[in-house]
Amino acid sequence: MSTIKVSTISPLGTDATKTITVGESAGVIQAASGVTNNLGIAMADQWRLSATFSATTGSDVVISSNLERVDTAGQGTLGSGMTESSGVFTFPSTGIYLVRYGIYTFDNAIWTYCYNKIQLTTDNSNYSMVAFGTTSMTGAVNNYPEQSTLIDTLVDVTDTTNVKVRFAYNTPETISISGHTDINKTYFTFIRLGDT
């Protein structure tokens, strides 16, 4: 096996559409252990609510407890995953991330709703809403109407100390937000798509 050491590889000419082909059909491109992969998705992580709870009514409430990284057989994490503290999620490195919030709610009222929000800070202090969805539940009394909602956003993580996300809800009456230790019912997905 031969080794080529260079600092930069660029396509011939000045045309921005020119490409560089690495490898050939049926070949395998493999980075050595410990090498940072900037050529594709190098981080994918998923967390979930591990237990059902009764939602607090009124203003925005951050989901801040009973959170766990998915760990059921067949589920996994790619690269250095997120860290979490009191519902605030910190990114492992800078980059552009897809952030997704899935929430599953149920209630015994004839009709109610739950506002679902992804909140973002860029200064590690002040949060603003960057994604919004409504879970609307309709059904006969004691028939436990239920609904799932999925919202997402792209987050530009320029600074891992200051750029963070959290997941909130707002409901006018007590409902149940469903969680499970083995199943993704209410869950959060993070995928690093590339450099910022």
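What you are looking at is a predicted structure, and each value in this text was computed from that prediction instead of being measured. Going along each chain's sequence as written, the residues are numbered from 1 onward. For this predicted model, a pLDDT threshold of at least 70 governs which residues receive local features, and a threshold of 80 or more governs which side-chain atom pairs are given and counted, while totals over whole chains, interfaces and linings are taken from all residues. As a convention, hydrogens and water are excluded, and side-chain values are obtained from all of the structure's heavy atoms.

Draft legend 1. A look at the environment of Glu146. Secondary structure is summarised from DSSP: a helix means a run of H or I of at least four residues, a strand means a run of E of at least two, and numbering begins at the N terminus for each. Mapped onto the elements of the fold, Glu146 is located in strand 10 (residues 146-157). A sequence separation of 38 residues divides Glu146 from Asn108, and the C-alpha atoms of the two residues are 9.0 Å apart. Any pair of residues with heavy atoms lying within 4.5 Å of one another is described as a contacting pair. In this structure, Glu146 is in contact with Tyr104, Thr105, Phe106 and Met137, ignoring residues within four places of it in sequence.

Draft legend 2. Local environment of the side chain of Ser178. Considering the arrangement of structural elements, one finds Ser178 in the loop between strand 12 (176-177) and strand 13 (187-194). Ignoring sequence-local partners within four residues, the contact set of Ser178 consists of Leu49, Thr52, Tyr104, Phe106, Lys185 and Thr186.

Draft legend 3. Structural detail: the environment of Thr138. Considering the arrangement of structural elements, one finds Thr138 in strand 9 (residues 127-138). Here the alpha-carbon distance between Thr138 and Asn108, two residues 30 residues apart in the chain, equals 9.3 Å.

Draft legend 4. Focus on the pairing of strand 8 (residues 111-121). Most of strand 8 is tucked away: eight of the 11 residues are buried. Both strand 8 and strand 9 contribute to a ladder of 11 bridges, which runs antiparallel. In the sheet register, Leu120 faces strand 9, and the bridge partner there is Ser128. Hairpin connection of strand 8 to strand 9: five residues between the antiparallel strands, including Asn124 at a positive phi of 60°. For strand 8 and strand 11 (residues 164-170), the ladder comprises seven bridges, and the chain directions are antiparallel. Only protein chains enter the accessibility calculation, which uses a 1.4 Å probe; a residue is then buried when its area is under 20% of its type maximum, exposed when over 50%, and partly exposed in between. Any two strands between which DSSP finds at least two bridges are classified as paired.

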